[in-house]
Every structure is written in structure tokens, then in C-alpha cells.
Amino acid sequence: MATVATTAPRQSRPHGRFRGAALGVVAWLAGLVFVLPILWMVLTSFHSEADAATNPPSVAAALTLDGYREFFGLTGGASPWPSLINSMTASLVSTLLTLLLALPAAYALSIRPVKKWTDVLFFFLSTKMLPLVAALLPIYLFAKNTGLLDNIWALVILYTAMNLPIAVWMMQSFLSEVPVAIIEAARIDGARLPTVLGRVVAPIALPGIAATALICFIFSWNELMFARVLTGVVAETAPVFLTTFITSQGLFLAKVCAASLVISLPVLAAGFAAQDKLVQGLSLGAVK
Amino acid sequence: MTLTTPARAAAVSGRPAARRPNRMRAWATRAPLLPALVFMIVVTQLPFVATLVLSFLDWNALYPDDRRFAGFANYGEVLSSPDLRGSVWTTILLTVTVVLVSLLLGLLLALLLDRRFRGRAAVRTLLIAPFLLVPIAAALMWKHLLFNPEYGLFNGILHAIGGDGAVQPDWISEMPLLAVEAALIWQWTPFMMLILLAGLQSRDPQLVEAARMDGASDWQVFAHITLPHLRRYLELGVLLGSVYIVQNFDAVFTLTSGGLGTANLPYTIYQTFYQAHENGLASAAGVIVVIGSIILATFALRVVSSLFREEVSR
């Protein structure tokens, strides 16, 4: 047995090592091809509008911050700040509300589970599978009749509800990683519920809760359809601000690139921070 | 687990499980669940019921007084109007193409990343980046930076390679649906890759080792061990991808504004009520999307639940 184990890999090693290295190079190339458009976007955002719109492309053109100046409205034109602040408000507040509602629910589905807790969990999941576009009209009519049109709080409420199923699922899976024995032991030692939650459960579940928050933030920040229909001048969010770039406006490539990058920056940061838990969130907890 | 909780509670409190305290206890365990459940049902589920009701009304928002019961007339119109029927077909075509191509690319990338090599973590990070652009920002990038016929990168590269006589296609007008699909495939491949990579890494390494000792070739290991193990992850990728891509709005809205036969159902619904103000028609189309999604979701939930039960019993 031992001899087989040592000789078998050795036979294939020289061949295997070469192939392994070659496949590593292929993987690197694939990664670079995928990220190339983004790198090109970064480069273009630092070019002048004239250099950005040449054919063939000017790779080595002089770098400038003009695109960013244009985007931030320093040269006249609409400032993106109100929309960025609206997006921040909608994403941060809705994420906070989602956590506040999802945490107790996840607790009741994992640490002290209700009867038929899997059914409840799957009910949450099934609601996420229905296309929200089918709810667009009633929500629009409701907002219109209650004066919530062009009001950022309408989006806060909507995004909270939109992210709740994902948050409940993720949090359930993180909380169920807390060993029941530890909780029992703390209780036997006389610890009350708040102490158990704060001292025992929180430290174990905290990384998971943070990842959940980041994913909720990403989904809220990215949302376009509801924001487009429900907001106007006042409550416009950053993705809605980007819709002004849909039709070409002469030489504006550097400005579009700068705008797209600045507005994607929070998502890129949150996504890379939550990288390891990203699959779990996107697959609604099905994959760990 | 559910069965032991009341028994444990009774044992701790040290008295026989009387009926009333038991029921109160049950409600005490349920209480933390209720705010989330109620909030979500009111905000996202009741509107579906409203859509169902609206779908039976003949109601154009420009003539608010002229609103009456229409029976199934809206459904008849949705299914017979070439535009709306076309958008059903577009939705199917778009979803199937994007899901299958990104699944295949995702599988290849996941297999590459499953091996050890220098800088594996860095490559994984690079590959996730497309998924982390704001969807409309990614769509704008494809539209203006890559596809633009005059100064887009694609034609720029063609020009640089082929010289002045190089073909310079107008990508979006010549192949509109393909253009939307390309942008979506680029964004969704990382998603598939992440799911399949998680699947690959949950494979039993000893099983692979044993097969190799028995002289199995790479292909045999892939076909007889890896692929069967990945089956449910592939299913999950297909189903979740479909659920998300059926609902796609941003790419169609940005790249083509629904023109040139690229309007999918979400875009058509948006347009029917937001621009044409046909509330009844839009609702009927919405109900049709919901029915399609329920069919998809039934399969998706089955896959999720089989993975979930495996996870719980582990």
C-alpha cells in the first residue's frame, strides 16, 4: 500500500508538473481577459475625452482627472452628490432594518426553533423567487396615493422587504453554527438571555452577520427598476443618475467611465470584503 | 430538534408540561419570527394579489374614469399581441442562452481554479470583479466603451489588427440580442464559477485519491466522480441563474431600451404601464411572469432543499 502511494504520483510527476504550470497560466489568462474591460474602463476614466474616443485606442495617452471633475459637476452640470447620498441612505438604513428584523427571525429558526422551522425557512425563500416586476404597478399606485412617490423612505421600506428572505436564510445558517451545548452551558451557569446572546452567540455569529449586511447593502445599492419608477428629482439614487448616460452625448466616454467606477466603488469594496461568504448569500444559503 | 425543545423546556422548568404554559411558550418562541414575516408579506406579497386583481380590469391610467371589469380579455390580448408574445420568447431565449453559456464558462473556470497554482486567490478575486460592478454601470461600459461602432474597444482592436480596411460592425444594431447576452454572460459567469467552485471543493478528496490509485485517468475522474457530485450544484446554478436572469431589467433597459426585438417581459411590463399606462395589460403580463417563475421556483426549491437537508444532517 505504502509503496503504491509513493510510486504512483512520482511516475506522473514531471509530466504533471508541466501541465499544472500550463493550466495555472491559462487560469491567469482567463482572469485577465475577464477583468480587461474593467481595467480598460479605469484607464479610460483617466484619459481626456479626445484621447478616450480614438480608433484605434490610445493606450498610452496622457492621464488626467478631467473625467472625474466632469462627473462630480465641478465644471458645471448636475452634481451626483444628492443621488449618492440618497443611495447611501436607502442602502444603509434598509440594511440596518433588515438586520433588526432578520436576526430575531433567524434566532427563532435556529437556536430556539419553532415547530416546522424548515417550512418557514422555505416560505421565506419561495418569496424571493417571485419576480418583483409583477409587484411594480401596485407598489407604484400605493406610493402615488400615499405621497411616497419621489420619497427615499419608500425605497428604504422596499429594499428592507426585498432583502429579508436572503438575510433570514444567511443568518439562520450562521446562527445554527453556534453549538447548542455552549448556550446550554451558559444558561446552566445562570446567564440570562441577553447575556447569552451578547457574550456567547454574538462573537461566533458576528462575521456571518457582517457578511449578510454587506450582501444586503450590495443588492440595495444596485437596484434600478424600483428606484427608476418610484423616484424623481428629489429621491433619485445613484443607478438612476447613471441612466442619464444611456444615450450618447458627444464626447463623454471618460465621464461615463468615471461615473460608473465611482458608483460601483462601494459595491466592489463590500463584495471583496464579503468574498468568502458571497456564494452563500447569492445561493440563498444553499451552498456553503 | 423541534420535538426535543418542548420536552427540554419542561424538564428545565421542573414541572409537568401543562397545556397553557406550553401554548404560551410556543408563542414566545414564535414571537421573534413574526415582525419579519408580517413585514415581508405586507410589502412584497400583498402587491402580487393586487396585480392579480388589476389583471382583470380594463384600465388605462390616462382614462381613470373608464375602468371596468374585463374578465380574461387582458390575458387574451397579452397572448395574442405580437409584441408581448415576442417578449415572452425573448425572455426565454435570453435566459436560456445566458444561463447555459455562463454555466459552461463558469465550470471551466471553476475547474481551473480548483487546482493549486501561484496566485490562485488573486485570480479568483479578478474573476469576481465583473459581478461586483453595479449592473447598470456594467451595461453602460458594454454599450459605450466596448460596443460603440466608432470608438469602442472591440472595433478599436479590430482596427489595430486589421488596419484601415478592417470590418467595423455596429454591434448593438447588427446583433442586438447577442450584445445583451454577451454583457450578461460576462456578469453572470463569476456567479456560476463561485457556486461550482464551492461544489468542487466539497468533493471528497479521498475518493478522488482512491480512484487515481486505481489508475483512473483525469477524464474518468471528471466523468465518474466530479460530474455526478457537481450535478446538484449545476442544477442550482441553472435554477438560481434563471430566477435572477428572467427578472433582468437593467441590461435590456440600458443597452437597447427594449428596441430591436430585445424587450424581455420585465422591460415590457415596465413599458406597458410606465409609458403606455395600460395598467390592466401590464398586470396580466405580470401574472404570466409570476406563473412562469413559480414553475422555475418549484424546481429550484427542490434542489435547494436537497442540498439543505444534506447540510443539516451532516
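All values derive from a computational prediction rather than experimental measurement.

*Asks:* Please clarify how the overall build of chain B should be interpreted in this entry.
*Replies:* On a plain count of helices and strands, chain B comes out with 15 helices and two strands. Burial analysis of chain B (314 residues in total) assigns 41% to the buried set. Counted over contacts in chain B with a minimum sequence separation of 6, partners at least 24 positions apart contribute 71%.

*Asks:* Even after reading the chapter, I still don't get the domain arrangement of chain A, so can you show me in this structure?
*Replies:* By a widely used convention, the size of an interface equals the accessible area lost when the partners come together. By domain assignment, chain A separates into domain 1 (2-71) and domain 2 (81-245 + 262-282). Here the C-alpha centre of domain 2 of chain A lies 34 Å away from the C-alpha centre of domain 1 of chain A.

*Asks:* Would you take a moment to explain helix 13 (residues 275-282) of chain A for this structure?
*Replies:* Given 3.6 residues per turn, any residue in an α-helix points the same way as the ones three and four places further on. Where burial is concerned, most of helix 13 of chain A is hidden: six out of the eight residues are buried. By the burial criterion, the buried members of helix 13 of chain A are Lys277(A), Leu278(A), Val279(A), Gln280(A), Gly281(A) and Leu282(A). Along its buried surface, helix 13 of chain A packs onto helix 7 (152-175), helix 9 (193-222) and helix 12 (253-273) of chain A together with helix 10 (176-201) of chain B.

*Asks:* What exactly am I supposed to notice about the interface of chain B and chain A here?
*Replies:* In this complex, chain B contributes 87 residues to the contact, which on the side of chain A involves 88 residues. Residues of the side of chain B that touches chain A, tallied by class, amount to 61 nonpolar, 20 polar and six charged.

*Asks:* Please explain the confidence of the model for chain B as it appears in this structure.
*Replies:* Regions with low pLDDT carry predicted coordinates that are not meant to be interpreted in detail. Residue and element names in this part refer to chain B. Of all residues in chain B, 92% have pLDDT values of 70 or greater, and the mean over the chain is 84. Looking across chain B, the model is least confident in helix 1 (residues 4-13), with a mean pLDDT of 42, and most confident in helix 7 (residues 135-146), with 94. Low pLDDT, under 50, characterises residues 1-17; the stretch is placed with 12 contacts to residues that sit more than four places away or in other chains. Quick note on the complex model: pTM equals 0.86, ipTM equals 0.87.

*Asks:* Would you take a moment to explain unusual backbone geometry for this structure?
*Replies:* Most peptide bonds take the trans configuration, and most residues that are not glycine carry a negative phi. A positive phi angle, near 55 degrees, is found at Lys116(A), a position not held by glycine. Counting through the fold element by element, Lys116(A) comes out in the loop between helix 4 (81-110) and helix 5 (117-128). Of the residues examined, Lys116(A) has 11 C-beta atoms within 10 Å and is grouped as exposed. The backbone of Leu260(B) sits at a positive phi, close to 55 degrees, despite the residue not being glycine. Secondary-structure assignment places Leu260(B) in the loop between helix 13 (250-255) and helix 14 (265-274).

*Asks:* I keep staring at the packing of helix 4 of chain A against helix 3 (residues 34-54) of chain B and nothing clicks. Help me out?
*Replies:* Packed helices, taken two at a time, are described by the angle their axes make and the gap between the axes. Between helix 4 of chain A and helix 3 of chain B, whose axes approach to 7 Å, the crossing angle comes to 125 degrees. Taken together, helix 4 of chain A and helix 3 of chain B sit at an angle that is classed as oblique. Contacts between helix 4 of chain A and helix 3 of chain B involve Leu101(A), Ala102(A), Pro104(A) and Ala105(A) from the first element and Pro35(B), Ala36(B) and Phe39(B) from the second. For the contact of helix 4 of chain A with helix 3 of chain B, the residue count by class is seven nonpolar, no polar and no charged.

*Asks:* For this particular structure, what's the right way to read the environment of Asp204(B)?
*Replies:* Residues and elements named next belong to chain B. Mapped onto the elements of the fold, Asp-204 is located in the loop between helix 10 and helix 11 (205-213). Assessed through the 10 C-beta atoms surrounding it within 10 Å, Asp-204 is described here as exposed. Taking C-alpha positions, Asp-204 is 9.5 Å from Thr-226, a pair spaced 22 residues apart along the chain.

Parameters at a glance
- Residues numbered from 1 in each chain as written.
- Chains lettered and ligands numbered in written order.
- Predicted model: local features only at pLDDT ≥ 70, side-chain atom pairs only at ≥ 80, totals over all residues.
- Helix = DSSP H or I, 4+ residues; strand = E, 2+ residues; numbered from the N terminus.
- Buried ≥ 20, exposed ≤ 12 C-beta atoms within 10 Å, placed from the backbone.
- Contact = placed C-beta atoms within 7 Å.
- Domains from an automatic or database assignment.
- Nonpolar A, V, L, I, M, F, W, Y, C, P; charged D, E, K, R; others polar.
- pLDDT = per-residue confidence, 0-100.
- Axes fitted to C-alpha atoms, helices over the stretch in contact; angles between N-to-C directions.
- Parallel < 35°, antiparallel > 145°, perpendicular 65-115°, else oblique.

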